[in-house]
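Chain by chain, the residues run as shown.
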Amino acid sequence: MTTAPGSAGPADAVSFTGVVKTFGAVRAVDGIDLGVPRGEAVALLGRNGAGKSTAIGLLLGLDEPDAGTVRLFGGAPSRAVTAGRVGAMLQDGRPIRRVTVRELLTFVASTYPRPLPLAEALGLAGLTELADRRVDKLSGGQLQRVRFAVALAGGPELLVLDEPTAALDVEARRAFWASMRAYADRGNTVLFSTHYLEEADDNADRIVVIDHGRIVADGTSELIKSSVGGHLVAFDLPEGFTAELTRLPGVVSAEIRAGRARLRTDDSDATVVALAGLDAIRRLEVAPATLEDAFLALTHTTRDVQDTEDAQDHMKDGL
């Protein structure tokens, strides 16, 4: 079970309607409908190759959809970008040689109609003390902060961040997200992708999960976690155990690995009570489902499903 994708509205900062993009036989984006209202911080999650980067490229006007429409603030992406309403922090890009951080940001800001004050951009990106350092002499983590500052330089209403904390240490990541939240709290819209699921859990108002080019979940972190079973119940399977796990009260799905069962349940109390009536349940554990648990459940492949079913059949055959 997944949450329903959000539909686009006329006041949205970002609007995808029936968007399709193919590369040869690969359908990288497969009929996406998505609306992001102004002022939201939205995390875009998906495995490598799920379609996130393609969707971001379409959003920024770097590519055109084969079908459907993409709109930013009600118009073409190129128009919003040209008007300085969009700032982007992408994964690729090489540092410019022989220019300082201050010189680079001053130049970038000069190309926008309503730029962010230089001191503010430096402060939000944690670069105040590095303003007069040459960009090509910075570390990988420092360069990532420069990319963030460049995205902020124009004072955009929409900030698009693709894996923004790659190469940052724990302290720098924490500082980055504090700055991002401060910027979003001004009423700006932030759309970011990340492989650090705890970052999405902690910093997104809403999470959109993409798999095989389609939206498979869209909602708050808590809603997405509950959609795949709000708790995990795990225990060792005793010898001779024959109960049908998926028929226990509250159980949404069951997985068996190396003689240990992991149940996703939307009513852990009922599940545990039912298990208590069975014989010799050992090492029983109950824990809230994490976003990672939900993400893995939502993006499993047909092969994953078959592997789990084969494991369950094998366990039954051996008991």
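Above this text sits the structure in question.
Here is a short report on the structure shown in this document. In this text the structure is predicted, and so the values were computed from the model without any measurement. (Residues numbered from 1 in each chain as written. Predicted model: local features only at pLDDT ≥ 70, side-chain atom pairs only at ≥ 80, totals over all residues. Heavy atoms only, no water.)

1. Topic: the overall build of the protein
When helices and strands are counted, the protein shows 11 helices and 13 strands. Sequence separation of 24 or more characterises 70% of the internal contacts of the protein that already satisfy a separation of 6 or more. Put simply, the protein shows about 15600 Å² of open surface, and 51% of that area lies on carbon and sulfur atoms. (Helix = DSSP H or I, 4+ residues; strand = E, 2+ residues; numbered from the N terminus. Contact = heavy atoms within 4.5 Å. Areas by Shrake-Rupley, 256 points an atom, 1.4 Å probe, with all protein chains shown as cover.)

2. Section: the sheet that holds strand 5 (residues 86–89)
To summarise the sheet geometry, strands pair through backbone hydrogen bonds and adopt either a parallel or an antiparallel arrangement. Pairing in this open sheet of 6 strands is mixed, and the strands run 5-6-7-3-8-9 from one edge to the other. Each having just a single partner strand, strand 5 and strand 9 (214–219) make up the two edges of the open sheet. Averaged over all pairs of adjacent strands, the angle between their axes in this sheet comes to 15°, without regard to strand direction. Pairing of strand 5 with strand 6 (residues 158–162) involves 4 bridges; the strand directions are parallel. Along strand 6, the bridge assignment pairs V86 with L158. In this fold helix 1 (residues 52–59) packs onto strand 3 (41–45), strand 6 and strand 7 (189–193), with an angle of close to 150° to the strand it touches most, strand 6. Each of strand 5 and strand 6 is contacted by helix 5 (residues 140–152), which is oriented at about 170° to strand 5, the strand it contacts most. (Pairing = 2+ DSSP bridges. Axes fitted to C-alpha atoms, helices over the stretch in contact; angles between N-to-C directions.)

3. Describing the pairing of strand 1 (residues 12–23)
Here strand 1 runs beside strand 2 (residues 26–37); their pairing, made up of 9 bridges, is antiparallel. Paired with F23 across the strands is V26, a residue of strand 2. Direction of pairing for strand 1 relative to strand 4 (residues 67–72): antiparallel, over a ladder of 5 bridges. Bridge pairing in strand 4 links T17 to T69.

4. Examining the layout of surface pockets
Of the pockets and cavities examined, the second largest pocket occupies roughly 440 Å³. Taken together, 21 residues form the lining of the second largest pocket, with A88, L90, D92, R147 and V150 sitting closest to its centre. Mapped onto the lining of the second largest pocket, the elements with two or more residues apiece are strand 5, helix 3 (101–110) and helix 5. Residue composition of the lining of the second largest pocket, by class: 16 nonpolar, 2 polar and 3 charged. (1 Å grid on protein atoms, 1.4 Å probe; cavity = no way out; pocket = protein on both sides within 12 Å on 5 of 7 lines; lining within 4 Å. Points joined across faces, edges and corners; volume = space filled by probe spheres on them. Nonpolar A, V, L, I, M, F, W, Y, C, P; charged D, E, K, R; others polar.)

5. As for the pattern of salt bridges
Tallied over the full model, the rule gives 22 salt bridges. For D205, the salt bridge identified is with R181, shortest N-O distance 3.6 Å. Highlighted residues: D205 in the loop between helix 7 (197–203) and strand 8 (206–211) and R181 in helix 6 (residues 170–184), separated in sequence by 24 residues. Looking at D205, the relative accessible area reads 35%, which means it is partly exposed. For R181, a relative accessible area of 21% gives the class partly exposed. Put simply, R260 and E285 hold a salt bridge, and the shortest N to O gap is 3.4 Å. (Salt bridge = Lys/Arg side-chain N within 4 Å of Asp/Glu carboxyl O. Buried < 20%, exposed > 50% of the residue type's maximum accessible area, 1.4 Å probe, protein only.)

6. Some details on empty space enclosed by the protein
Enumeration over the complete set of coordinates arrives at 1 cavity of 30 Å³ or more. Its volume calculated, the largest cavity comes out at about 60 Å³. If you go around the largest cavity, the residues you meet are F16, I32, L34, L44, A55, I56, L59, L191, V208, I210 and I215. Counting only elements with at least two residues in the lining of the largest cavity, the list comes to strand 2, helix 1 and strand 8. If one sorts the elements of the lining of the largest cavity by residue count, helix 1 sits on top with 3 residues. Residues of the lining of the largest cavity, tallied by class, amount to 11 nonpolar, no polar and no charged.

7. So, helix 5
Its 13 residues place the ends of helix 5 19 Å apart at the C-alpha level, agreeing with the 18 Å of an ideal helix rising 1.5 Å per residue. For helix 5, the set of buried residues is G141, Q142, L143, Q144, V146, F148, A149, A151 and L152. (Expected span 1.5 Å × (residues − 1).)

8. Regarding the pairing of strand 11 (residues 251–257)
The sheet contact formed by strand 11 and strand 12 (residues 260–265) spans 6 bridges and is antiparallel. Residue pairing across strands places A254 opposite L263, the latter belonging to strand 12. Hairpin remark: strand 11 followed by strand 12, antiparallel, with 2 residues in the connecting loop; positive phi at A258, about 50°.

9. Notes on the side chain of T299
Looking at where T299 falls in the secondary structure, it is placed in the loop between helix 10 (291–298) and helix 11 (302–318). Given the relative accessible area of 2%, T299 is considered buried. Residues within four places of T299 in sequence aside, it is in contact with R47, V209 and D211.

10. Some details on the nonpolar core
Core analysis: the largest hydrophobic core is formed by 52 residues, its most contacted members being L45, L161, I207 and V209. Not counting the four nearest positions on each side in its chain, L161 is found in contact with M89, F148, F176, M180, V190, L191, F192 and S193. One finds A13, A55, L59 and A80 within the second-largest nonpolar core, a separate group that totals 27 residues. (Core = buried A, V, L, I, M, F, W, Y, C linked by side-chain atoms within 4.5 Å.)

11. Digging into the packing of aromatic side chains
Counted by the stated rule, this structure contains 3 aromatic pairs. Where W177 meets F192, the ring centres are 4.7 Å apart and the plane angle is 55°; that geometry is what we call tilted. Highlighted residues: W177 in helix 6 and F192 in strand 7, separated in sequence by 15 residues. Each of the two residues, W177 as well as F192, counts as buried. (Phe/Tyr/Trp six-rings, centres within 6.5 Å; stacked < 30°, edge-to-face > 60°.)

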